[in-house]
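Residue strings, one per chain:
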Amino acid sequence: MSRRILVLVGHPDPSPERLCRALASAYAEAAEMAGHEVRKIDLALLEFPLLRTMQEFEHGSIPDSLRGAAEAVLWAEHFVFVFPLWLGTVPAMPKAFLEQVMRPGTAFAYPAKGEAFTKSLLRGRSARLVVTMGMPAAVYRIWFLSHGIAGMRRGILNFVGIRPVRETLFGMVASASEAKRVSWLKQMQRLGERGI
Ligand SMILES: Cc1cc2nc3c(=O)[nH]c(=O)nc-3n(C[C@H](O)[C@H](O)[C@H](O)COP(=O)(O)O)c2cc1C
């Protein structure tokens with residue numbers, strides 16, 4: 001089954017040498033070859049302001065530079081976020097992007113009078129978080145309980161209705177051999193082919 005897939009590269013460093021970029025491209029190219037519709041947005045190439053106030057969040061409009069990305073978020077059935085672990089969690093740049101885009105009216109709606117809960121507006125979509133890190137992935141999972149990723153999954157993605165949110169973690173990136181990196185790229189290609 002062909003899916004509409006949005007690959008979001010969340011590495012703040014625009015250098016093409018970053019592993020995150022190679023992982024995202026491997027996924028996107030394999031997904032396209034397999035017949036999925038794919039859009040890829042590299043957040044490091046966009047200029048956008050930090051969201052600073054509740055007023056702006058609730059009543060402001062999405063910055064012009066993010067309109068295309070916001071439209072792609074509504075278009076997608078499946079999201080693939082690729083980012084490095086920074087200080088235990090998602091780096092500030094992709095988090096700032098999500099604060100701008102996952103707004104009331106776009107991603108969720110506050111309860112109307114008499115209703116108890118917020119409405120998630122992005123239901124029916126799924127996501128995968130692909131995270132690279134310096135420490136062994138097992139240490140992040142077991143000792144740190146994947147806390148930064150859990151926060152993103154539950155506090156942002158599940159909140160707006162995106163589930164399931166699956167994870168692919170690549171650890172000890174700095175010391176990984178060439179063979180290891182090639183096996184990671186192949187893993188991303190297999191996921192891309194299946195559109196998951
Ligand atoms: C500001 C910063 C903070 C980092 N914090 C962590 C961390 O908390 N845990 C960890 O395992 N690695 C940490 N790292 C290492 C990065 O996760 C690692 O360099 C990255 O995943 C490598 O992938 P890349 O080639 O795509 O940059 C940090 C790196 C930077 C620059």
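Scroll up to find the structure this text is about.
Starting from 1, residues in each chain are numbered consecutively following that chain's sequence as written. Local features in this predicted model are restricted to residues whose pLDDT is 70 or higher, and side-chain atom pairs enter the listing and the counts only when it is 80 or higher, whereas totals over whole chains, interfaces and linings include all residues.

### Remarks on the site of the ligand
The criterion for a residue being near a molecule or strand is simple: its C-beta atom, placed using the backbone, must lie within 6 Å of it. Around the ligand, 14 residues are found, and the nearest of them are L19, P84, T132, M133 and G134. Residue polarity follows a fixed list, in which Ala, Val, Leu, Ile, Met, Phe, Trp, Tyr, Cys and Pro are nonpolar, Asp, Glu, Lys and Arg are charged, and the others, Gly among them, are polar. Considered class by class, the residues forming the shell around the ligand number nine nonpolar, four polar and one charged.

### Re the sheet that holds strand β7 (residues 165-170)
One open sheet accounts for five strands, arranged β2-β1-β3-β6-β7; its pairing is parallel. Strands at the two margins of the open sheet, each flanked by one partner only, are β2 (37-42) and β7. Strand after strand, the sheet turns through a mean of 15 degrees between neighbouring axes, direction not considered. In terms of strand pairing, strand β1 (residues 4-9) meets β2 through six bridges, oriented parallel. When the sheet's bridge partners are listed, V9 is paired in β2 with D42. Sitting on the sheet, helix α6 (residues 147-158) is in contact with β6 (126-132) and β7, with an inclination near 155 degrees to β6. For two strands to count as paired, DSSP must find a minimum of two bridges between them. Helix and strand assignments follow DSSP, with helices taken as H or I runs no shorter than four residues and strands as E runs no shorter than two, numbered in order from the N terminus. An axis is simply a line fitted to the C-alpha atoms; with a helix, the fit covers only the stretch in contact. Between two such axes, the angle follows the N-to-C directions and lies from 0 to 180 degrees. Contacts here follow a simple rule: the backbone-placed C-beta atoms of the two residues must lie within 7 Å.

### A closer look at the environment of K95
Among the structural elements, K95 can be located in helix α4 (residues 92-101). Using a count of 19 C-beta atoms within 10 Å as the deciding quantity, one classes K95 as partly exposed. Sequence separation between K95 and G10 is 85 residues; the distance between their C-alpha atoms is 8.8 Å. Field definition: a residue is buried when 20 or more other C-beta atoms are found within 10 Å of its C-beta, exposed when 12 or fewer are, and partly exposed for counts in between, with C-beta atoms placed from the backbone.

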